[in-house]
Amino acid sequence: MHQRTISDQLFQEAVSCMPGGVSSPVRAYKAVGGSPIFIERGKGAWIQDVDGHQYVDYVLSYGPLLAGHAHPKVQTALNHAIRRGTSFGACIKDEARLVRKIQSVMPSIEKLRLVNSGTEAVMSAIRLARAFTGRDKILKCIGNYHGHADSLLVEAGSGVATLGLPNSPGVPKRSVEDTIVVPFNDLMAVKRAFDRCSGEIAAMIVEPVAGNMGVIPPQDDYLHGLRHLTHHHESLLIFDEVMTGFRVHPGGAQALFDVTPDLTILGKVIGGGLPIGAYGGREDIMTMVAPQGPVYQAGTLSGNPLSVAAGMATLDAGIQHWDQAASATATLIEAFKDIATSQSVPVQVQGVGTMFSCFFTEKSVTDWESASTSDTDFFAKVFRAFLEHHVYLPPSQYEAWFVSTAHDAESCTLTMEAFETALKKSLRS
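These numbers were taken from a predicted model, which means no experiment stands behind them.

What counts, and where the lines are drawn
Residues numbered from 1 in each chain as written. Predicted model: local features only at pLDDT ≥ 70, side-chain atom pairs only at ≥ 80, totals over all residues. Heavy atoms only, no water. Pairing = 2+ DSSP bridges. Helix = DSSP H or I, 4+ residues; strand = E, 2+ residues; numbered from the N terminus. Axes fitted to C-alpha atoms, helices over the stretch in contact; angles between N-to-C directions. Contact = heavy atoms within 4.5 Å. Salt bridge = Lys/Arg side-chain N within 4 Å of Asp/Glu carboxyl O. Buried < 20%, exposed > 50% of the residue type's maximum accessible area, 1.4 Å probe, protein only. Core = buried A, V, L, I, M, F, W, Y, C linked by side-chain atoms within 4.5 Å. Arc of directions from axis to C-beta. Polar contact = N/O pair within 3.5 Å; in protein donor to acceptor, adjacent residues only side chain to side chain. Parallel < 35°, antiparallel > 145°, perpendicular 65-115°, else oblique. Phe/Tyr/Trp six-rings, centres within 6.5 Å; stacked < 30°, edge-to-face > 60°. pLDDT = per-residue confidence, 0-100.

In space, the seven strands of this open sheet follow the order E4-E10-E9-E8-E7-E5-E6, with mixed pairing throughout. Both outer strands of the open sheet, strand E4 (111-115) and strand E6 (179-183), are each paired with one neighbouring strand and no more. Sheet twist, expressed as the mean angle between neighbouring strand axes with direction ignored, is 20°. In this structure, strand E9 (residues 263-267) lies alongside strand E10 (residues 277-281), joined through five bridges in antiparallel fashion. Residue pairing across strands places leucine 263 opposite glycine 281, the latter belonging to E10. Contacts from helix H3 (residues 93-105) reach E4 and E9 within the one sheet, and its direction differs from that of E4 by about 125°.

This paragraph deals with the pattern of salt bridges. According to the stated counting rule, one finds eleven salt bridges in the structure shown. The partner of aspartate 316 in a salt bridge is lysine 101, and the shortest N-O contact between them spans 2.8 Å. Residue aspartate 316 is found in helix H11 (residues 305-320), and its partner lysine 101 is found in helix H3; the two are separated by 215 residues along the sequence. Here aspartate 284 and arginine 282 are joined by a salt bridge, their closest N and O atoms 2.7 Å apart. Under the relative-accessibility criterion, arginine 282 is labelled partly exposed at 28%. Each of Arg227, Asp262, Arg282 and Asp284 takes part in one network of salt bridges that share partners.

Another aspect to go through is the nonpolar core. Counting residues in hydrophobic clusters, the biggest one holds 53 residues, and the most contacted among them are Tyr58, Phe336, Phe356, Phe360, Phe386 and Leu423. Contributions of two or more residues to this core are made by strand E3 (54-57), helix H12 (322-342), strand E11 (348-352), strand E12 (355-359), helix H14 (376-388), strand E13 (391-392), strand E14 (401-402) and helix H15 (409-428). The element best represented in this core is H14, accounting for eight residues. Not counting residues within four places of it along the chain, the set of residues in contact with phenylalanine 336 comprises Val349, Phe356, Cys358, Phe386, Trp401, Thr415, Met416 and Phe419.

Within helix H7 (residues 187-196) the residues assigned to the buried category are Ala189, Val190, Ala193 and Phe194. Burial along H7 is one-sided: seen end-on, the buried residues are contained in an arc of 135°. Against the buried residues of H7 lie strand E5 (137-142), E6, strand E7 (201-206) and helix H8 (222-232). A distance of 3.3 Å separates the backbone nitrogen of methionine 188 from a side-chain oxygen at the start of H7, and that oxygen is part of aspartate 186.

Turning to the pairing of strand E2 (residues 46-49), a few remarks are in order. Relative to E2, strand E1 (residues 39-43) runs antiparallel, the two being bridged by four bridges. Each residue of the ladder has a partner; that of lysine 43, found in E2, is tryptophan 46. One ladder, built from three bridges, connects E2 with E3; its direction is antiparallel. Residue pairing across strands places isoleucine 47 opposite tyrosine 55, the latter belonging to E3. Taken together, E2 and the strand that follows it, E3, pair antiparallel across an intervening segment of four residues, in which glycine 52 is found at a positive phi of about 90°.

Tracing the backbone shows leucine 387 in helix H14. Classification of leucine 387 as buried rests on a relative accessible area of 2%. C-alpha of leucine 387 to C-alpha of histidine 53: the two residues are 334 residues apart in sequence and 9.8 Å apart in space.

So, on to the packing of H7 against H8. Packing of H7 against H8 leaves a shortest axis separation of 10 Å and a crossing angle of 10°. One element, H7, and the other, H8, form an angle in the roughly parallel class. Residues Leu187, Val190, Lys191 and Phe194 of H7 lie in contact with H8, whose contacting residues are Tyr222, Gly225, Leu226, Leu229 and Thr230.

Another aspect to go through is the packing of aromatic side chains. Centre-to-centre distance and the angle between the planes together describe a pair of aromatic rings. A complete count under the given rule lists 13 aromatic pairs for this structure. An aromatic cluster of at least three residues, connected via ring pairs, comprises Tyr58, Phe336, Phe356, Phe386, Trp401 and Phe419.

The strands that make up a sheet are held in pairs by hydrogen bonds between backbone atoms, and each pair lies either parallel or antiparallel. Overall, mixed pairing links the four strands, which are arranged E1-E2-E3-E13 in an open sheet. Of all strands in the sheet, those with a lone pairing partner are E1 and E13, marking the two edges.

Fine structural detail should not be taken from predicted coordinates in areas where pLDDT scores are low. Summarising the model, the protein chain shows a mean pLDDT of 94, and 95% of its residues fall at 70 or more. Predicted confidence is poor over residues 157-166, with pLDDT under 50, and the contacts of this stretch with residues over four places away or in other chains come to 26 contacts.

Note that histidine 233 resides in the loop between H8 and strand E8 (236-240). Apart from residues lying up to four places away in sequence, histidine 233 is in contact with Arg135, Phe194 and Asp195.

So, on to the pairing of E11. Of the pairings in the sheet, the one linking E11 to E12 comprises five bridges and is antiparallel in character. Considered in E12, the bridge of valine 352 is made with methionine 355. Hairpin connection of E11 to E12: two residues between the antiparallel strands, including glycine 353 at a positive phi of 65°.

In structure tokens:
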């Protein structure tokens, strides 16, 4: 293992004054062992830690950096924006420009409200769906993560799954009593839920491509089936595209699978690595949002000029070369499959667009139950071996891996070599 004197010292200092020493749970490396590395800087597909070690990065801030670290267009946009001021709590001209850019590739979004995080966007969209339909119940999938709002922090994925917590203490039972959970990719379970709670469900919210239990694509006709069922029962269909937006396709999962949701949740890429979120959709629904309508939602930092500037530049740079990142992703997926086969390692390598992940299991992975059959101990060994060979992965079996337009042949070749070495080392240990 690389010597990490400074990272270890920084972590001990952080532990003394922060819960677990981190600002977000998965960063603590509880699922993979050891202590976290502290990042000093990033450029393109690479990051460097405080001890001077460089890594090919497949975390990319968990998705936002579609164009890679410190892209010149993003840096220029931020430099221009910061000279004008960091926040005004007032209207700026670039808010509508960012919205128009999003609408140009996601025409289902007739009106959009900018907020500060994906969690905030989901909370607001759920409130809006309940107000629009006059119903209280919400339908979600086991293993889908929609932020840490009380009503949706039940049977969630990624960080919650990583820590082995089925939900969270501090969430009152009454907060989730109107939340119905069903398995992902199980259309019959959705139908049964609607039949059982006929006339009570305001909306179904879903990650159209699951990314918070590893990357799991929707099965054939699953999303179209959800569209049919929600329409039939006069409920809303909400696509949580915080992760999939501009990642699985330049127009998101709704463009890739040709399914039109009523509301869409966005984040990550539209802020280019700065805090942001958004929710939008049909005009007749969105006109209920204050000040145009009675559904209240506000935020001092919403439409922050720095986030908006970084988001616009990232969309420009990332979408222009999106095919390059998708091609690199496809190359890595096929190479990983071949390498695992040659080493007789059972693995399911799954991806869509510019995101993918590996499940160390013999079973086909289609939902949380099958994803949870993955050998998490083996993943932890592979993670540590990757780190030794200068490749940085998300420190959890259940997180998606991300590729940027900056991942070139050199970085991909290094990654393939590291995967082969990591498998060999993990099999021996």
